[in-house]
Amino acid sequence: MAGIKIIKENVDQKTFEALAEICPFDAFSYENAVLEVSSACKVCKLCIKNGPAGVLVLEEEQRVAIDKSLYRGITVYVDHIEGKIHPVTFELIGKARELAAVIDHPVYALFMGTNISEKADQLLSYGVDKVFVYDQPELKHFVIEPYANVLEDFIEKLKPSSILVGATNVGRSLAPRVAARCHTGLTADCTILEMKENTDLVQIRPAFGGNIMAQIVTQYSRPQFCTVRYKVFTAPELVKEPWGSVEIMAIGKDKLISAIEVLEVIKKEKGVDLSDAETIVAVGRGVKCEKDLEMIYQFAQKIGATVACTRPGIESGWFDARLQIGLSGRTVKPKLIIALGISGAVQFAAGMQNSEYIIAINNDSKAPIFNIAHCGMVGDLYEILPELLKMIDEPETEEAGKTLVMPEAIKAPERMVG
C-alpha cells in the first residue's frame, strides 16, 4: 500500500501551516520544528500535488511477484452438518469445474469432520478429481481453531490456486481467518466468478449498496479465497462413471487442540427456508399497508407459493428477517417468482435474478425490474391481483374452456413488458 513519506522533517512553521491547510484529514503535526504525518492520512496525494516541493514523497509498496505455477487446483470446501453435505457445496463444484477447464487444473474437495470417510464418494459423482478427507474425532463439531488449522495444513501440503467456500455461517467464519493467516485476499458473497488464463480468479460482487459491480483480482498472493451464497450457481449433473479418488489426510494432534469445548448442541426449530422455495410471491414498496398483505397471502396460498419481501417489509415489521430477498437477505432461485410492486433495484435483483421464470407487476413501465423479468405487467397491483384471484376462483365452464385463460403478457416466453 502506498504512503506519504517525509523526506525533510525539519521545516519552518510556514511550511507546516501550508500543509495543514491542504490536508483535509488533519494528518500533519508539528512539534519542536519536526514535521510528522499520522495514521489519519488517507493518501489522497493533495499534499504531494499542491504542497511545498522537496518535503514529501509518495512511497509505493514494493510487491514481490509470486510464482503462480507453484499453485495448482481449484478447491471447494465441503460444508456439512454431521456428514450431511450442504447443497452450496455441489453448486461450487459445478463452478469449480468451469473455472478449472479454462486453466487445465484439477478440482479438489476438502472434507473435514468425524466419521465422514464413507461419505466422500458422494462428492466424486459430481466430477471432483480428488477428495481430501481429514477424519478426526476432534472435528466432530465446528470449532474455529482446529478447523482453521486443518485448512491451513491442507494449503501448505497441496498449494491450491483458488479456494471456493460457501457463504454459510461456517464458511463466513472459517474463510477470512485462514485467508488472513495466508496473507491473501478474500472476496465475500461473490455473484460471478471468472478465470483468467494466468490463473487469476476474477471475483465479481455488488458493492456500495449494489450501485456498482466490483471486479476483484488477487494478483500478488495465493491461494485466492472467495465465498459464494447458496443458489447463486447451479449444481452439475451427476457423473455416470466417476474418475476421481479419495485421499485420507493426516494431521498432528497438536493442531486439533482448542480452548473451546462444546458441551451441548441445541438445535433450534427450523423455520421457513426461503432458499428452497420453488414458487415465491415477493412484495415491495408497492404494498401500501400491512392489512393489504391478506390479499397477497390468499393469492400465494392458491398457487402454492411462499410470500417473501424486500427490505422495506422488514423495516416496517411486517415480515420475519429470514423472508427478505436481496444482498442483505437471502439468495433464491425458484422455478417461479412473482414480484409485486418491486422496483427491482440491484440490491433485490442480485438475490433473485437467476430464477427460472420472473413475472413482474409494477405501475412504472421504466422500473428496473422489467429489465430482468421474463414477463411484465404494467399496472396497479391492487387492480391486477384481484383479477388474478377472480380468474383462479372462477369455476370451469364449457364456455370458458377446460384451462385457465391468462393474459398474453403472463404467458409470453420472452422477456417483455405487456
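Residues numbered from 1 in each chain as written. Predicted model: local features only at pLDDT ≥ 70, side-chain atom pairs only at ≥ 80, totals over all residues. Heavy atoms only, no water.

Draft legend 1. Structural context of the pattern of salt bridges. All chains considered together, the criterion is met by 16 salt bridges. Here Glu 247 makes a salt bridge to Lys 130, at a shortest N to O gap of 3.3 Å. One end of the pair, Glu 247, is in strand E16 (residues 245-248); the other, Lys 130, is in strand E9 (residues 130-135), with 117 residues separating them in the sequence. Between Asp 153 and Lys 157 there is a salt bridge; the shortest N-O distance is 3.0 Å. Linking Asp 153 with Lys 157, this pair stays in helix H5 (residues 144-158), spanning four residues, or about one helical turn. Bridged by salt links that share partners, the residues Lys 68, Asp 200 and Arg 222 form one connected network. (Salt bridge = Lys/Arg side-chain N within 4 Å of Asp/Glu carboxyl O. Helix = DSSP H or I, 4+ residues; strand = E, 2+ residues; numbered from the N terminus.)

Draft legend 2. Local environment of helix H7 (residues 293-303). Among all positions of H7, only Leu 293, Met 295, Ile 296, Phe 299 and Ala 300 are buried. Along the long axis of H7, the arc covered by the buried residues comes to 155 degrees, so they all point the same way. Facing away from the buried side of H7, by more than 90 degrees, are the exposed residues Glu 294 and Gln 301. Elements that come into contact with the buried residues of H7 comprise strand E17 (279-283), strand E18 (306-309), strand E19 (336-340) and helix H11 (381-393). Phi for Gly 304, located one or two positions after H7, is positive at around 70 degrees. (Buried < 20%, exposed > 50% of the residue type's maximum accessible area, 1.4 Å probe, protein only. Arc of directions from axis to C-beta. Contact = heavy atoms within 4.5 Å.)

Draft legend 3. View of the packing of H7 against H11. Where H7 meets H11, the axes come as close as 11 Å, and the angle between the chain directions of the two elements is 35 degrees. Of the two possible hands of crossing, H7 and H11 adopt the one that is left-handed. For the pair H7 and H11, the contacting residues are Met 295, Ile 296, Gln 298, Phe 299, Lys 302 and Ile 303 in the first and Tyr 382, Leu 385, Pro 386, Leu 388, Leu 389, Ile 392 and Asp 393 in the second. Of the residues that constitute the contact of H7 with H11, the class distribution is ten nonpolar, one polar and two charged. (Axes fitted to C-alpha atoms, helices over the stretch in contact; angles between N-to-C directions. Left-handed = near helix turned anticlockwise from the far one by under 90°. Nonpolar A, V, L, I, M, F, W, Y, C, P; charged D, E, K, R; others polar.)

Draft legend 4. Quick look at the sheet that holds strand E10 (residues 162-166). Spatially, E11-E15-E10-E5-E8-E9-E16 is the arrangement adopted by the seven strands of the open sheet, whose pairing is parallel. Among the strands making up the open sheet, the edge pair consists of strand E11 (186-190) and E16. Across this sheet, the average inter-strand angle for adjacent strands is 25 degrees, counted without regard to direction. Bridging between strand E8 (residues 107-113) and E9 involves six bridges; their strand directions are parallel. Within the sheet, the bridge partner assigned to Met 112 lies in E9 and is Tyr 134. Across the face of the sheet, helix H3 (residues 87-103) comes into contact with strand E5 (74-77), E8, E10 and strand E15 (224-228) while running at roughly 175 degrees to E5. Against the sheet, H5 makes contact with E5, E8, E9, E10 and E15, and its axis sits at roughly 150 degrees relative to E8, the strand it touches most. (Pairing = 2+ DSSP bridges.)

Draft legend 5. Structural context of the nonpolar core. Membership of the largest hydrophobic core comes to 46 residues, with the highest contact counts inside it found for Ile 280, Val 283, Ile 296, Ile 325, Leu 340, Met 352 and Ile 369. Examining the composition of this core, we find that six residues originate from one element, H11, more than from any other. Beyond its immediate sequence surroundings of up to four residues, Ile 369 is in contact with Ala 339, Ile 342, Ser 343, Gly 344, Phe 348 and Ala 360. Among the nonpolar cores identified, the runner-up in size contains 33 residues, and Val 88, Phe 111, Cys 190 and Val 232 belong to it. (Core = buried A, V, L, I, M, F, W, Y, C linked by side-chain atoms within 4.5 Å.)

Draft legend 6. Structural detail: the packing of aromatic side chains. This structure, assessed with the given rule, holds five aromatic pairs. Arranged with centres 5.1 Å apart and planes meeting at 90 degrees, the rings of Tyr 108 and Phe 132 form a pair that is edge-to-face. Of this pair, Tyr 108 sits in strand E8 while Phe 132 sits in strand E9, placing them 24 residues apart in sequence. For the pair shown, Tyr 108 and Phe 132 are each scored as buried. Members of the aromatic cluster, connected to one another through ring pairs, are Tyr 108, Phe 132 and Phe 154. (Phe/Tyr/Trp six-rings, centres within 6.5 Å; stacked < 30°, edge-to-face > 60°.)

Draft legend 7. Just helix H6 (residues 169-181), in detail. For H6, the complete set of buried residues consists of Val 170, Gly 171, Leu 174, Ala 175, Val 178 and Ala 179. Taken around the axis of H6, the buried residues stretch over an arc of 125 degrees, which confines them to a single face. Packing partners of the buried residues in H6 comprise E5, H5, E10, E11 and E15. Immediately downstream of H6, the backbone of His 183 shows phi near 55 degrees, a positive value.

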